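# Residue-level structural notes
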Amino acid sequence: WELMQNAKDVPNIFERVSLKIILDSDKLTFKHNGDPFDLDNIYSLILQNSSKDSSNTDEDITGKFGTGFISTHLLSDKIDISGIVYNKGVYRKFETCLDRSGRTSEEMLPKIDKALEHIKNIDDDNEFPIVHDYESSRGSDSFDTVFTYNLSSPEKQKAAFAGIDDLVNTLPVTLVNIPKIKSVQVINND
């Protein structure tokens, strides 16, 4: 639910966002066709805060503190994120890992620093390839934003399967109440 809520807050050129949720026995993949990231979005994910204005009174924007996304780490200590980032007038492919494995902040801080150092190289064409003609080649079926949760234990797998079951059962009501979501495709490969 948290990922759907965040995705619906991301505008796109197609007016409404479409989502894909793919469940495999060892991972859950969440994709959407919202607009590309900007650097603030990526830094906010790495630093565990929100890139949305906390004083925002726009009723169409749900999240604004960043605490909801943190809850998705219950599925996986490591979340692989890939997508397109728009920076300095250039679209680039990027990948990063949000590694929250560890029990203390002292264990996690070096992993956060590593992710920050990686993203600081955003102008490196080898690490972050330029995507030419991104806007003109992009379609409503371009699910460029991808969050992958590795389900590393039976408990995490069970939580993912229960979440998908709950989603499928309540999705019609959700779609009626959140018109900014165009479609949700749930693919259960297990």
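None of these values were measured; they are calculated from a predicted model.

### Topic: the sheet that holds strand β3 (residues 78-87)
- Pairing is mixed across the open sheet formed by 6 strands, whose spatial order is β4-β3-β5-β2-β1-β6. Looking at which strands have only one partner, the edges of the open sheet turn out to be β4 (90-99) and β6 (181-188). If you compare each strand with its neighbour and ignore which way they point, the axes differ by 15° on average.
- Judged from the 4 bridges that link them, β3 and strand β5 (residues 145-150) form a sheet pairing that is antiparallel. What sits directly across from Ser82, in β5, is Val146.
- Its contacts with the sheet place helix α2 (residues 39-47) against β3, β4 and β5, and it is angled at close to 160° to β3.
- Of the strands in this sheet, β1 (17-23), β2 (27-32) and β6 are in contact with helix α6 (residues 154-177), which crosses β6 at around 150°.

### Topic: the pattern of salt bridges
- One pass over the full model with this rule turns up 6 salt bridges.
- Arg138 serves as the salt-bridge partner of Asp35, at 3.1 Å between the closest nitrogen and oxygen. Placement of Asp35 in the loop between β2 and α2 and of Arg138 in the loop between α5 (134-137) and β5 is noted, with a sequence separation of 103 residues between them.
- Arg138 sits in the buried class, given a relative accessible area of 7%.
- With its nearest N and O atoms 2.8 Å apart, the salt bridge here joins Asp125 to Arg92. Note that Asp125 is positioned in the loop between α4 (105-119) and α5 and Arg92 in strand β4, a separation of 33 residues in sequence.

### Notes on the environment of Lys20
- When you line up the elements, Lys20 lands in strand β1.
- Expressed as a C-alpha distance, the spacing of Lys20 and Phe143, which sit 123 residues apart in the sequence, is 7.9 Å.
- Residues contacting Lys20, with those up to four places away along its chain left out, are Thr29, Phe30, Lys31, Phe143 and Gln185.

### Structural notes on the pairing of β4
- Alignment of β3 against β4, held across 10 bridges, turns out to be antiparallel. Residue pairing for β4: Lys78 is matched across the bridge by Asp99.
- From the end of β3 to the start of β4, which pair antiparallel, there are 2 residues, and Lys88 there has a positive phi angle of about 55°.

### Notes on the packing of α2 against α4
- Packing of α2 against α4 leaves a shortest axis separation of 9 Å and a crossing angle of 165°. The angle between α2 and α4 places the two elements in the roughly antiparallel class. Viewed along their axes, α2 and α4 form a crossing whose handedness is right-handed. Touching Leu39, Ile42, Tyr43, Ile46 and Leu47 of α2 are Ile112, Ala115, Leu116 and Ile119, all from α4.
- Looking at the contact of α2 with α4 residue by residue, the class counts come to 9 nonpolar, no polar and no charged.

### Structural notes on the side chain of Thr145
- Secondary-structure assignment places Thr145 in strand β5.
- Setting aside its immediate chain neighbours within four residues, Thr145 contacts Phe30, Lys31, His32, Gly34, Asp35, Phe37, Ser82 and Gly83.

### Examining unusual backbone geometry
- Of note, Lys88 is a non-glycine position whose phi angle comes to about 55°, a positive value.
- Relative to the helices and strands, Lys88 resides in the loop between β3 and β4.
- A relative accessible area of 65% means that Lys88 is categorised as exposed.
- Its identity is not glycine, yet Asp133 carries a phi of approximately 55°, on the positive side.
- Looking at where Asp133 falls in the secondary structure, it is placed in the loop between α4 and α5.

Conventions we followed
- Residue numbers restart at each chain and count upward from 1, following the sequence in its written direction.
- Reporting in this predicted model follows two pLDDT cut-offs: at least 70 for local features of residues, and 80 or more for side-chain atom pairs to be given and counted; totals over whole chains, interfaces and linings ignore these cut-offs and use all residues.
- Here the side-chain values reflect all heavy atoms present in the structure, with hydrogen atoms and water set aside.
- Here a strand pair is declared whenever DSSP counts at least two bridges between the two strands.
- Secondary structure elements are taken from DSSP: a helix is a run of H or I of four residues or more, a strand is a run of E of two residues or more, and numbering for both begins at the N terminus.
- Axis lines are fitted through C-alpha atoms, for helices just across the contact stretch, and the angle between N-to-C directions can take any value from 0 to 180 degrees.
- Should any heavy atoms of two residues lie within 4.5 Å, those residues are considered in contact.
- The term salt bridge refers to a pairing of a side-chain nitrogen on Lys or Arg with a carboxyl oxygen on Asp or Glu at a separation within 4 Å.
- Relative accessibility decides the category of a residue: with a 1.4 Å probe and only protein chains considered, values under 20% of the type maximum give buried, values over 50% give exposed, and everything between is partly exposed.
- Note that the term roughly parallel is reserved for angles under 35 degrees, roughly antiparallel for angles over 145, roughly perpendicular for angles of 65 to 115, and oblique for everything else.
- Handedness of a helix crossing follows the sense of rotation of the near helix relative to the far helix, less than a right angle counterclockwise being left-handed and clockwise being right-handed.
- Residues were grouped as follows: Ala, Val, Leu, Ile, Met, Phe, Trp, Tyr, Cys and Pro as nonpolar; Asp, Glu, Lys and Arg as charged; and all remaining residues, including Gly, as polar.

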